[in-house]
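Here is what each chain is made of, one letter per residue.
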Amino acid sequence: MKIIIILLLLTATIVVNGSGVSVQCDGEDGFCTASCRNRKIEVDSNDAVLCSCEESEQYETIVNFSKNILEELADIKQQYEDFNSQILNLLTLLLPKPTSCSEVKQRWPNSSSGFYNITNSTGYVEKVYCHMTELCGSDGPWTRVAHLNISNPNEECPEGFRKYSDRGITFCGRPVSSQGGCQSVKFQTFETSYSQVCGRVHGYGYHSPDGVFRFNSNNENNINAPYIDGVSLTYGYPRKHLWSFFAAHAGPTRSCPCSSLSSLPSPSIVGEDYYCESNNIPSDDDLWDGKDCWTQEEDCCKNPNLPWFSKTLPEPTSDYIELRVCCDQGSSNEDAPVSYYEIYVK
């Protein structure tokens, strides 16, 4: 097709001899100023310059024919693009819906981060947020399984959590209770098989949380009990530890294992997979963001990944992830409510 077009254009530049119409045009200094094919310069008996132009009728026919061909080719090209778009839309409808963020990325490598319709094994379609680029030092896609931003007036606390405010900041914490305990919310992973977890949690120390200090020593390494004052992340059942967020007393603290003042170890079920921070002055300081740390807890805020945590699991799983807000005393004495979280798996 390209060769035909080139030949037509070349042909259009050749003047074919034939009967033509001679048109006299003005001349100056021996040059014709008219723009036409087959220019002819003559000098009359008075030495005046005469310019004539002969346009071949065949030439005009060929030019018009070439223009018509080009217009038709443009129409064909547009029809092809429209047809191709319709075929792609039809294939999208006929092909099975993607079952994971990874499958979305495989089908459409240039997909951007956003919500996609993901179909589970029962055929149920759910909108899932897929983060297609790097998180926690690892390339996407990541599947977001949990998100909360309670500062958004359109969002509500998870079921069972108490929504309340302090110093103009809104949180989601434990229900009113005279005893210690945990309030839980579970996040399904959309049947995604994952071995990496990445996320962040922002919270607040209400009144006097005690970090790793336990009034009941039986709770220290019991993952099903309030083993910390703070937020516990686990996966599956029986619960397996992911990450812990300790909420400590405001001011120089001995209840953060990473504090230079502390002699308390991290619970064995936690190990080094934790963040610990106390509320600084003013007391509306967010916890676990690595900012506004006391001198004695500087070591707790040196992790370059803060506020993000990441963990690689010993083996792949598709278990749900559970977030619990825990304290070992009544809610009027202490709480560790959350204000923001986002959790991803891969």
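Residues numbered from 1 in each chain as written. Predicted model: local features only at pLDDT ≥ 70, side-chain atom pairs only at ≥ 80, totals over all residues. Heavy atoms only, no water.

Q: Which residues make up the nonpolar core, and what values do they have?
A: With 34 residues, the main nonpolar core has Phe187, Leu233, Phe245, Ile321, Leu323 and Tyr341 as its most contacted residues. Of all the secondary-structure elements, those providing two or more residues to this core are β8 (142–149), β11 (179–187), β12 (194–203), β14 (230–235), β15 (240–248), β17 (309–317), β18 (321–329) and β20 (338–345). Excluding residues that lie within four positions of it along the chain, Tyr341 makes contacts with Ala146, His147, Leu148, Pro158, Val185, Phe187, Arg200, Val201 and Leu323. One finds Val212, Ile223, Cys258 and Cys300 within the second-largest nonpolar core, a separate group that totals 12 residues. (Core = buried A, V, L, I, M, F, W, Y, C linked by side-chain atoms within 4.5 Å. Buried < 20%, exposed > 50% of the residue type's maximum accessible area, 1.4 Å probe, protein only. Helix = DSSP H or I, 4+ residues; strand = E, 2+ residues; numbered from the N terminus. Contact = heavy atoms within 4.5 Å.)

Q: How would you explain the pairing of strand β7 (residues 125–131) if you had to name every residue and give the values?
A: If a strand is regular, its side chains alternate between the two faces of the sheet. Sheet analysis places strand β6 (residues 114–119) next to β7, joined by six bridges and oriented antiparallel. Considered in β7, the bridge of Phe115 is made with Tyr129. Counting the residues between successive antiparallel strands, the hairpin from β6 to β7 contains five residues, one of them, Gly123, with a positive phi of roughly 95 degrees. (Pairing = 2+ DSSP bridges.)

Q: Residues and numbers for the packing of aromatic side chains, please.
A: In total, this model carries 11 aromatic pairs according to the counting rule given. Taking the centre distance of 5.6 Å and the plane angle of 55 degrees together, the rings of Phe187 and Tyr341 count as tilted. Taken together, the residues Phe187 in strand β11 and Tyr341 in strand β20 connect sequence positions 154 residues apart. Taken as a pair, Phe187 and Tyr341 share a single burial class, namely buried. By the ring-pair criterion, three or more aromatic residues cluster together here, those being Trp243, Phe245, Tyr275, Trp288 and Phe309. Between the NZ or CZ atom of Arg162 and the centre of the ring of Tyr164, over which it lies, the distance is 4.1 Å. (Phe/Tyr/Trp six-rings, centres within 6.5 Å; stacked < 30°, edge-to-face > 60°. Lys NZ or Arg CZ within 6 Å of the ring centre and 35° of its normal.)

Q: Quick rundown of unusual backbone geometry? Include the residues and the values.
A: In this structure, the amide linkage connecting Gly140 to the following residue, Pro141, adopts the cis form with an omega of 10 degrees. By the secondary structure assignment, Pro141 is in the loop between β7 and β8. Pro307 follows Leu306 through a cis peptide bond whose omega is 10 degrees. Turning to its location among the elements, Pro307 is positioned in the loop between β16 (274–278) and β17.

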